[in-house]
Protein chains: 2
Amino acid sequence: MQETEWIDRYIKPLVTSSGALDLKDDVAVLTPFATTIATMDTLVEAVHFRPADPPYTVGQKLLRVNISDIYAKGAAPREALLSIAWPRYRDEAQFAALLAGIGHDIEAFGIDLVGGDLVTTDGPLILSLTLTGETFGVAPKRRTGAQIGDGIFVSGQIGFGLIGLEAARLGHRDDLAARYRVPVLASLSAARAVADLAMASMDVSDGLLLDAQRLSRASHVGLVLDLDHVPLAEPSDDLAVVIRQCTGGDDYQILMTAPADSVLPDFTRIGRVVDGPGLAIHWHGNTVALPENLGFRH
Amino acid sequence: MQETEWIDRYIKPLVTSSGALDLKDDVAVLTPFATTIATMDTLVEAVHFRPADPPYTVGQKLLRVNISDIYAKGAAPREALLSIAWPRYRDEAQFAALLAGIGHDIEAFGIDLVGGDLVTTDGPLILSLTLTGETFGVAPKRRTGAQIGDGIFVSGQIGFGLIGLEAARLGHRDDLAARYRVPVLASLSAARAVADLAMASMDVSDGLLLDAQRLSRASHVGLVLDLDHVPLAEPSDDLAVVIRQCTGGDDYQILMTAPADSVLPDFTRIGRVVDGPGLAIHWHGNTVALPENLGFRH
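Residues numbered from 1 in each chain as written. Chains lettered and ligands numbered in written order. Predicted model: local features only at pLDDT ≥ 70, side-chain atom pairs only at ≥ 80, totals over all residues.

**A look at the overall build of chain A**
Scanning chain A for helices and strands turns up 8 helices and 12 strands. A compact globule built from 298 residues would reach a C-alpha radius of gyration of about 19 Å, and chain A, at 19 Å, matches this within 12%. Dimensions of chain A, computed from the C-alpha atoms along their principal axes, are close to 55 × 50 × 40 Å. (Helix = DSSP H or I, 4+ residues; strand = E, 2+ residues; numbered from the N terminus. Rg over C-alpha atoms; globule rule 2.2 N^0.38 Å.)

**Looking at the environment of L264 of chain A**
All names here are of chain A. Structurally, L264 is set in the loop between β9 (253–258) and β10 (267–274). Owing to 18 C-beta atoms within 10 Å, L264 belongs among the partly exposed residues under this scheme. Spatially, the C-alpha atoms of L264 and G74 are 14 Å apart, while their sequence positions differ by 190 residues. (Buried ≥ 20, exposed ≤ 12 C-beta atoms within 10 Å, placed from the backbone.)

**Remarks on helix α2 (residues 55–72) of chain A**
Residues and elements named next belong to chain A. End to end, α2 covers 26 Å across 18 residues, agreeing with the expected 26 Å (1.5 Å per residue, within 8%). Here α2 lies mainly inside the structure; 18 of its 18 residues are buried. Positive phi shows up at G74, right after α2, with a value of about 75°. (Expected span 1.5 Å × (residues − 1).)

**Overview of the interface of chain B and chain A**
Each partner contributes residues to the interface: chain B has 51 residues there, and chain A has 51 residues. Secondary-structure elements contributing two or more residues to the side of chain B that touches chain A are α1 (3–11), β2 (36–44), β3 (75–87), α3 (92–108), β4 (112–121) and β5 (126–135) of chain B. Sort the elements by how many residues they give to the side of chain B that touches chain A and β4 of chain B lands first, with 10 residues. Considered class by class, the residues forming the side of chain B that touches chain A number 31 nonpolar, 15 polar and 5 charged. (Contact = placed C-beta atoms within 7 Å. Nonpolar A, V, L, I, M, F, W, Y, C, P; charged D, E, K, R; others polar.)

**Quick look at the domain arrangement of chain A**
How large an interface is tends to be reported as the accessible area lost when its parts come together. All names here are of chain A. Split by domain assignment, chain A resolves into domain 1 (3–135) and domain 2 (151–288). Every contact between the two is made by 19 residues of domain 1 and, on the other side, 19 residues of domain 2. Those elements that place two or more of their residues in the side of domain 1 that touches domain 2 are α2 and β3 (75–87). No other element matches α2, which puts 10 residues into the side of domain 1 that touches domain 2. Looking at the side of domain 1 that touches domain 2, its residues break down into 6 nonpolar, 5 polar and 8 charged. (Domains from an automatic or database assignment.)

**Some words on the relation of the copies chain B and chain A**
Copy one and copy two of the chain differ by a rotation about a common axis and a shift along it. When chain B is brought onto chain A, the operation consists of a screw motion whose angular component is 180° and whose axial shift is 0.0 Å, with 0.0 Å RMSD remaining. Here the symmetry operator amounts to a two-fold rotation axis. (Least-squares fit on C-alpha atoms with pLDDT ≥ 70 in both.)

**Considering helix α8 (residues 239–246) of chain B**
Residues and elements named next belong to chain B. Turning to α8, its buried residues number three or more, namely V242, I243, Q245 and C246. One side of α8 carries all its buried residues, which in axial view fall inside an arc of 160°. Structurally, α8 contributes buried residues whose contacts are with α4 (160–170) and α7 (208–219). (Arc of directions from axis to C-beta.)

**Structural notes on the sheet that holds strand β12 (residues 286–288) of chain B**
Residues and elements named next belong to chain B. Pairing within the open sheet is mixed, and its 7 strands lie in the order β7-β9-β6-β10-β8-β11-β12. At either margin of the open sheet sits one strand with a lone partner, and together these are β7 (200–204) and β12. Looking at each pair of strands side by side, their axes are set apart by 30° on average, direction ignored. Sheet topology places strand β11 (residues 279–283) next to β12; 3 bridges connect them, and they run antiparallel. (Pairing = 2+ DSSP bridges. Axes fitted to C-alpha atoms, helices over the stretch in contact; angles between N-to-C directions.)

**Things to note about the sheet that holds β4 of chain B**
Residue and element names in this part refer to chain B. Read from one edge to the other, the open sheet built from 5 strands follows the order β1-β2-β5-β3-β4, with strand pairing classed as mixed. With partners counted over all chains shown, the strands left at the sheet margins are β1 (28–29) and β4, one partner each. Direction of pairing for β2 relative to β5: antiparallel, over a ladder of 9 bridges. Looking at the pairing, V44 lines up with I126 of β5.

**Describing the environment of S216 of chain B**
Residues and elements named next belong to chain B. With respect to the helices and strands, S216 occurs in helix α7. C-alpha separation for the pair S216 and V288, spaced 72 residues apart in sequence, amounts to 18 Å. Discounting residues that sit within four places of it in the chain, S216 has contacts with V221, G222, L223, G278 and L279.

**Side note on the confidence of the model for chain A**
On average, residues of chain A carry a pLDDT of 92, and 96% of them reach 70 or more. Among the prediction metrics, the complex's ipTM stands at 0.89, with pTM recorded as 0.92. (pLDDT = per-residue confidence, 0-100.)

**Here's the deal with the packing of α2 of chain A against helix α3 (residues 92–108) of chain A**
Residues and elements named next belong to chain A. One can describe the packing of α2 onto α3 by two numbers: an axis separation of 7 Å at closest approach and a directional angle of 40°. In this view, α2 runs oblique relative to α3, as classed from their interaxial angle. Where α2 crosses over α3, the handedness of that crossing is right-handed. Residue-level inspection shows P55, Y56, T57, V58, G59, Q60, L62, L63 and R64 of α2 in contact with α3, the latter providing Q94, A97, L98, L99, A100, G101, I102, H104, D105 and I106. (Parallel < 35°, antiparallel > 145°, perpendicular 65-115°, else oblique. Left-handed = near helix turned anticlockwise from the far one by under 90°.)

**Examining the pairing of β9 of chain A**
Residue and element names in this part refer to chain A. Most of β9 is tucked away: 6 of the 6 residues are buried. Here strand β6 (residues 151–155) pairs with β9 via 4 bridges, running antiparallel. Residue pairing in the sheet places I152 in a bridge with T257 of β9. In this structure, strand β7 (residues 200–204) lies alongside β9, joined through 5 bridges in antiparallel fashion. Each bridged residue has a counterpart across the sheet, and for D203 the counterpart in β9 is I254.

What follows is the structure in structure tokens.
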């Protein structure tokens with residue numbers, strides 16, 4: 001299944017309200033309050049996390065993939081509804097650990113858990129979270145709105161999703177595996193900076209290059225990324241190694257455009273917005289060809 | 001797994017905000033707006049619907065189990081976020097049918113689909129919906145609040161969940177099976193009556209007797225139900241047949257208490273609120289013993 005195709009074909013025709021932002025954004029606006037937004041992300045065992053991952057970290061990841069969407073829109077997370085489809089083959093200690101991880105993060109991020117549902121299944125473990133947020137500004141920042149001349153900024157580092165997954169698979173370098181299991185998000189002050197300065201903003205979850213292309217298309221502008229400036233988990237002089245990290249996904253950072261001279265302590269400037277469509281990448285001063293695969297396509 | 005036990009043990013300790021209504025109600029209040037409520041219900045293939053059920057009706061059922069919670073709180077449904085965990089073994093035509101059913105009901109019930117998530121799995125099909133609602137009154141009606149002397153009222157009919165499921169299993173009486181596959185809900189005018197007159201209200205989804213006991217406990221009052229007056233899918237002079245329908249679940253009607261002389265065209269009066277704890281049932285003028293199993297316990 002090509003998820004994005006099916007969304008275009010069957011789901012988008014059902015979406016008629018302005019609050020849905022045409023499903024082109026990461027969040028919805030809950031009317032009649034333009035400042036209240038909501039997102040809903042689902043994690044499936046063996047797809048979005050590894051069956052052997054500690055349930056505690058799975059709970060944290062569930063919270064963080066959703067918080068990432070809220071931060072990237074220039075908002076603070078507020079209230080959550082949690083749905084758990086729990087497999088019979090997992091025991092109560094695992095359930096307790098999952099909820100302990102969720103409990104840690106709802107407290108750490110100032111979220112109120114207000115409802116949800118729990119059902120038993122034959123597996124796999126499937127977790128859905130609906131998270132609301134309150135924007136710092138008058139409305140959420142969108143993928144649209146990038147202006148020619150803007151700088152392109154990214155929070156944190158890119159590549160830990162991929163490198164951490166590889167470490168988890170190989171069973172060594174627990175410090176790296178931890179970065180896959182529990183993404184380190186941008187801060188609330190970064191979310192406030194999005195609200196204050198972003199022209200366009202989104203979270204990087206499917207690979208920096210793919211998400212940059214999506215922002216470029218939503219804003220009808222060109223994005224030129226300078227790969228030399230991308231803050232990488234594993235800095236390298238090998239273009240292939242750099243590209244792998246920029247297409248690996250699971251980073252949960254913020255990608256935004258803002259006036260080029262913006263002072264943004266939580267971000268690194270990695271490129272500029274130009275006229276004309278699409279995405280281009282530079283490396284050591286030269287334009288290089290885009291890889292065939294820009295990221296993780298659902 | 002005893003879902004309610006695990007909720008008490010691991011989830012309730014995480015719930016600290018007043019908007020959660022202690023998870024004792026069917027919905028949460030989204031702060032800072034006491035009139036905006038939210039519910040999230042999940043349907044799992046082979047648990048909440050039959051694998052052979054037409055996907056179109058599964059989509060309708062997903063909407064209706066959530067709408068039922070909103071109506072029962074005296075509110076109108078507003079916005080939905082939809083999460084689909086879609087099994088590889090189902091084809092695109094089934095996906096299209098699922099979404100057509102969802103599309104039918106979001107239009108019929110005036111709901112805006114504003115977001116969600118779609119992931120592919122090895123199965124089973126799992127559907128989660130988060131639905132917001134706007135209360136007609138200043139706040140949602142709760143399970144608490146029943147007053148001694150109130151009448152007890154139920155909307156629609158009780159028993160179609162059970163009788164319809166049996167018809168679906170046997171593969172005959174499609175008219176009855178349809179009532180299992182697609183619950184016939186109370187109307188928006190019934191939801192408005194809840195807002196105007198209910199002292200306590202909840203939806204009947206796990207069996208009339210079990211849900212009545214829950215309302216009794218939440219309100220710290222006694223409920224006496226006269227089974228002769230319960231509007232049944234299959235009226236019967238056989239007490240066992242009556243009890244089965246009152247404990248079968250999947251009815252998705254509204255159970256509320258209101259001043260005994262209330263005029264409620266969408267409801268039938270089936271009992272009264274009394275002093276003292278617990279639930280009692282009457283049949284042909286006599287008190288009869290409660291059955292061991294009052295309903296469907298998760």
